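# Inside the fold
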There are 2 protein chains.
Amino acid sequence: MISNHHIILPEPSLRRLPWYLAYIEILKAQGVEFVSSTQISRALNVDASQIAKDLSFLSLKGKTRIGYEVEALYDTLSEFLGFRTSHKAFVFGAGSLGAALMQDSGLSRYGLEIVAGFDVDPKKIGSTVAGVRIHHIDMLSEVMESSPASIGILTVPVEYAQETADIAIGEGIKALWNFTPYRVKVAEGVVMANTSIYAHLALIFNRLNAES
Amino acid sequence: MISNHHIILPEPSLRRLPWYLAYIEILKAQGVEFVSSTQISRALNVDASQIAKDLSFLSLKGKTRIGYEVEALYDTLSEFLGFRTSHKAFVFGAGSLGAALMQDSGLSRYGLEIVAGFDVDPKKIGSTVAGVRIHHIDMLSEVMESSPASIGILTVPVEYAQETADIAIGEGIKALWNFTPYRVKVAEGVVMANTSIYAHLALIFNRLNAES
């Protein structure tokens, strides 16, 4: 089985792979055995040659006239995307969104395991959300030692985003998944992913108003 | 106060405005009165001339040497982005992620009010999550009549994504916020926003492996 340890895909390709996986998952459930890039192309509105190129990064080649084997494609894609390996994460900010993410069991099915939460609110410290214990941020160093994680999920209020990111990285967090609307700055080598919930809301509201 | 009813911003500009708002919110809390585009530029790593251009879409002009008035900038941005108006939404799929979004009170602070949830699981129908009632999807037409919404949040399993989107749009949903990894196809005129949680996870996992 291919591992993604040494293949660095361009971001646009990497973003498309989960779409392919989602579609392949449906075909697999339907018992379909083979799929062509043309079929994927029609289903997802992505150029067929682009699909073939994206999949060739994973050394996947379709057979002429038959296409890709659905089972193999499914296995290789989910393995490559890291969805079959457990990646441990801390949640910084056990507020409404942080707690919601801890409760979302879907994340663990995709390889993200939230092992601890951090906050500064005395009412939250010591409590658990969906089995995840909330610690004071001052305990980060200790928790990191006893139960390390490499991913930090940032759900603190916007004014604490940069400071919390700095603390987390200082204690050994290697990747930040930023849910705040603040553009957190990190040193080179630290992995950053921004999930811009509020930007998407703004986009929806703006376009909706344009229609009405 | 400016309204966003007739200004259609390019998507990249629209995506940057919430970053500016987040930063301005911090300055406002600190009691800062004026901010220049150079300052915003340094804080957010966005070109100063780009910031000035983005803000000019909103008829906001900074004064030479003084910059923008923080309070006015804050008010205009949050109003323009639609965060001060209540937009009603239905959640389709009251599973783990759907329930998490219903519990996230942060969304309502940004203008998104979830008024009903829909599912097909008999165990969920009739229950409430964070005060939001879950109905059978067959009740959509009725609920739409008594308590209409224009936004549909899609958190169903991937194999039901397209079908659910079609039903929702058929009953009058004007904008879809798609949290599934499936590339839902909609007719022109329907607003689509994809929040690719799994693509972000894949990105983090892939880049993390590259570092180690």
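Above this text sits the structure in question.
A brief structural summary. (Residues numbered from 1 in each chain as written. Chains lettered and ligands numbered in written order. Predicted model: local features only at pLDDT ≥ 70, side-chain atom pairs only at ≥ 80, totals over all residues. Heavy atoms only, no water.)

### A word on the environment of B:Ala199
In this fold, B:Ala199 is placed in helix H9 (residues 197–211). Counting along the chain gives 18 residues from B:Ala199 to B:Pro181, while the straight-line C-alpha distance between them is 7.8 Å. If sequence neighbours within four positions are ignored, B:Ala199 has contacts with A:Arg15 and A:Pro18. (Helix = DSSP H or I, 4+ residues; strand = E, 2+ residues; numbered from the N terminus. Contact = heavy atoms within 4.5 Å.)

### Quick notes on the pairing of strand E9 (residues 191–194) of chain A
Residues and elements named next belong to chain A. On E9, burial follows the alternation: Val 191 and Ala 193 on one face are buried, whereas Met 192 and Asn 194 on the facing-out side are not. As paired elements, strand E8 (residues 175–178) and E9 share 4 bridges and run parallel to each other. Among the inter-strand pairings, Asn 178 is bridged to a residue of E9, identified as Asn 194. (Buried < 20%, exposed > 50% of the residue type's maximum accessible area, 1.4 Å probe, protein only. Pairing = 2+ DSSP bridges.)

### Some words on the relation of the copies chain A and chain B
The two copies are related by a screw operation: chain A maps onto chain B through 180° of rotation and 0.0 Å of translation along the axis, at an RMSD of 0.0 Å. Given the turn and translation reported, the copies of this chain are related as if by a two-fold rotation axis. Taking the C-alpha atom as reference, chain A places A:Ala100 closest to the rotation axis, 2.2 Å from it. Most of the interface of chain A is mirrored in chain B, where 99% of its interface residues are also at the interface. (Least-squares fit on C-alpha atoms with pLDDT ≥ 70 in both.)

### Some points on the interface of chain A and chain B
Tallying the contact residues gives 67 residues for chain A and 66 residues for chain B. Of the roughly 6500 Å² buried between chain A and chain B, counting both surfaces, carbon and sulfur atoms make up 67%. On the chain A side of the contact with chain B, A:Arg183, A:His200 and A:Phe205 bury the most area, a combined 10% of that side's loss. The interface formed by chain A and chain B contains 0 salt bridges. (Buried area = accessible area lost by both parts, 1.4 Å probe. Salt bridge = Lys/Arg side-chain N within 4 Å of Asp/Glu carboxyl O.)

### Things to note about the sheet that holds strand E5 (residues 128–129) of chain A
All names here are of chain A. A sheet is described by the order of its strands in space; here 7 strands give the open sequence E5-E6-E4-E3-E7-E8-E9, paired in mixed fashion. Two strands bound the open sheet, and with one partner strand each, they are E5 and E9. Taken strand by strand, helix H8 (residues 161–170) contacts strand E3 (87–92), strand E7 (151–154) and E8, and its axis lies near 165° from that of E7. (Axes fitted to C-alpha atoms, helices over the stretch in contact; angles between N-to-C directions.)

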